[in-house]
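Spelled out, the chains give:
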Amino acid sequence: MHSAISTVMVEPLDPSELPEVIALLERAGLPGAVAGVARYLRWQPDGAWRVRIDGALAGTVTLLRYGHVGFVGCMAVDDAHRSRGVGRRLLEHAHAAGRRAGITTFLLEATAAGRPLYDKLGYVDEYETWNVARPGTAADPSALDDLSADRGEILALDQRATGSSRDVMIHGLLREQRGARARGDTLTGYGLVVGGRLGPVVARDPGAGRALIDRLAPFATFASIPVPNEAAVAAFAANGFAHVRSLRRMRLGPPIATPGWLWALASPGAG
Ligand SMILES: CC(C)(COP(=O)(O)OP(=O)(O)OC[C@H]1O[C@@H](n2cnc3c(N)ncnc32)[C@H](O)[C@@H]1OP(=O)(O)O)[C@@H](O)C(=O)NCCC(=O)NCCS
């Protein structure tokens, strides 16, 4: 056990540091964070921090601000510096910045390694999420639809589904990625494919959710799904996706009421 480090400085992450951050996240075994961190920084340049120890990048955290909800991601400390309070310093720094911006509830997807830290800071369990994957390759997503013309309806549906304003993420994704929509008289669901990942997917009814997963599955090989949504678990299984890793959705602050319309997460670092 190392001694606690009392003097670490938590500072904003600069885009020029991304290669070092990605190497750290790879070493820490967080492939979702590796794939997402450049996007998070692009969407919200003032929502990522890092610690350097003796010049080397030693830890990172990101926080996406969704109105009064903050989503924590990319939480990692280099093996050589663990159990010395660096993770705690990073997370408390992100909490303080978030609270100054009006965040009252923080959410995250916890790995088993992260849980002791989150427990200590007062996070409570919400539900289990699964990373799932299927063998084979993903078809070219340029065959899917550009959903940017539906932005207003998508933002409104997503807000009802998640009880938060994930505008910063959805604006970013709709500019760059393709997907599919489900419609009755109004929009009943939407889903996107982002670099081989199927998600986010939001649907108001089981028919819409199943149709979206069936439509998008050939264009993706992995996803993160909320296990309480049994119809989502069944739809992914029917499309050949199998369980890879279990995570826990955890929460700090008042609960956010949601109707269970989330079929797939955007990513473990973005909710
Ligand atoms: C999770 C992680 C970031 C924690 O970083 P860290 O710098 O080791 O955490 P800290 O030293 O600040 O620990 C915070 C508290 O949790 C406790 N703690 C940390 N790891 C623990 C463990 N394995 N078992 C029990 N308690 C533990 C510490 O005792 C500390 O409590 P204290 O401040 O009261 O002494 C780090 O383990 C990591 O990068 N893991 C791999 C990547 C990962 O899974 N990240 C989480 C993604 S959700």
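Residues numbered from 1 in each chain as written. Predicted model: local features only at pLDDT ≥ 70, side-chain atom pairs only at ≥ 80, totals over all residues.

1. Quick look at the overall build of the protein chain
Part 1 of the argument: A count of helical and extended segments in the protein chain gives eight helices and 12 strands.
Part 2 of the argument: Computed over the C-alpha atoms, the radius of gyration of the protein chain is 18 Å, within 12% of the 18 Å expected from 2.2 N^0.38 for a compact globule of 271 residues.
Part 3 of the argument: With respect to the principal axes defined by its C-alpha atoms, the protein chain has extents near 60 × 40 × 30 Å.
Part 4 of the argument: Buried positions account for 46% of the 271 residues belonging to the protein chain.
Part 5 of the argument: A separation of at least 24 residues holds for 72% of the contacts in the protein chain among residues at least 6 apart in sequence. (Helix = DSSP H or I, 4+ residues; strand = E, 2+ residues; numbered from the N terminus. Rg over C-alpha atoms; globule rule 2.2 N^0.38 Å. Buried ≥ 20, exposed ≤ 12 C-beta atoms within 10 Å, placed from the backbone. Contact = placed C-beta atoms within 7 Å.)

2. Thoughts on the pairing of strand β5 (residues 105–110)
Both faces of the sheet carry side chains from a regular strand, because those side chains alternate between them.
Part 1 of the argument: Most of β5 sits out of view: five of its six residues are buried.
Part 2 of the argument: Pairing analysis gives three bridges linking strand β4 (residues 69–77) to β5, with the strands arranged parallel. Its bridge partner being in β5, Gly70 is matched across the sheet by Phe106.
Part 3 of the argument: One crossover worth recording links β4 to the parallel β5 by way of helix α3 (residues 86–100), and it is right-handed. (Pairing = 2+ DSSP bridges. Right-handed = clockwise from strand over helix to strand, strands pointing away.)

3. Here we look at the domain arrangement of the protein chain
Part 1 of the argument: Segmenting the protein chain into domains produces domain 1 (10–103) and domain 2 (132–264).
Part 2 of the argument: Computed over C-alpha atoms only, the centres of domain 1 and domain 2 are separated by 25 Å.
Part 3 of the argument: Residue-level contacts link 11 residues of domain 1 with eight residues of domain 2.
Part 4 of the argument: Put simply, the parts of the chain that give the side of domain 1 that touches domain 2 at least two residues each are α2 (31–43) and β3 (56–66). (Domains from an automatic or database assignment.)

4. A few points about the site of the ligand
Part 1 of the argument: Contacts to the ligand come from 19 residues, most closely from Arg82, Gly87, Arg88, Gly114 and Pro116.
Part 2 of the argument: A class-by-class count of the residues in the shell around the ligand yields 10 nonpolar, five polar and four charged. (Near = placed C-beta within 6 Å. Nonpolar A, V, L, I, M, F, W, Y, C, P; charged D, E, K, R; others polar.)

5. Considerations on the environment of His95
Part 1 of the argument: Residue placement: His95 occurs in helix α3.
Part 2 of the argument: Taking the C-alpha atoms as reference, His95 lies 7.9 Å from Phe106; in sequence the two are 11 residues apart.

6. Examining the pairing of strand β11 (residues 242–252)
Part 1 of the argument: Relative to β11, β5 runs antiparallel, the two being bridged by five bridges. When the bridges of β11 are listed, Leu108 appears paired with Met250.
Part 2 of the argument: One ladder, built from nine bridges, connects strand β6 (residues 124–133) with β11; its direction is antiparallel. Of the residues in β11, the one forming a bridge with Tyr127 is Arg249.

7. Observations regarding the environment of Leu18
Part 1 of the argument: Within the fold, Leu18 resides in helix α1 (residues 18–27).
Part 2 of the argument: In this structure, the C-alpha to C-alpha distance between Leu18 and Ala156, residues 138 residues apart in sequence, is 32 Å.
Part 3 of the argument: Residue contacts for Leu18: discarding those within four places in its chain leaves Val37 and Ala38.

8. Quick notes on unusual backbone geometry
For residues besides glycine, phi is generally negative; the peptide bonds are generally trans as well.
Part 1 of the argument: Residue Gly199 is joined to Pro200 through a cis peptide bond whose omega torsion reads 5°.
Part 2 of the argument: Notably, Asp54 is not glycine yet its phi reads approximately 50°, a positive angle.
Part 3 of the argument: As for its position among the elements, Asp54 is in the loop between β2 (48–53) and β3.
Part 4 of the argument: Not every positive phi belongs to a glycine, and Cys74 is a case in point at roughly 50°.
Part 5 of the argument: Tracing the backbone through its elements, the reader meets Cys74 in strand β4.

9. Notes on the environment of Gly87
Part 1 of the argument: Mapped onto the secondary structure, Gly87 falls in helix α3.
Part 2 of the argument: Contact partners of Gly87, with chain neighbours within four places excluded, come to Gly59, Met75, Val77 and Leu117.

10. Let's talk about helix α5 (residues 151–162)
What sets the pattern is the α-helix's 3.6 residues per turn: residues three or four places apart point alike.
Part 1 of the argument: The terminal C-alpha atoms of α5 lie 16 Å apart, and with 12 residues this matches the ideal 16 Å at 1.5 Å per residue to within 8%.
Part 2 of the argument: Within α5, burial applies to Ile154, Leu157, Asp158, Ala161 and Thr162. Each buried residue of α5 lies within a common arc of 115° when the element is viewed along its axis, so the set occupies one face. When the buried face of α5 is taken as reference, the exposed residues oriented beyond 90 degrees from it are Gly152, Ala156 and Arg160.
Part 3 of the argument: Where α5 is buried, its residues contact α6 (167–176), β8 (187–194), β9 (197–203) and β12 (262–264).
Part 4 of the argument: Among the residues trailing α5, Gly163 stands out with phi positive, at a value near 65°. (Expected span 1.5 Å × (residues − 1). Arc of directions from axis to C-beta.)

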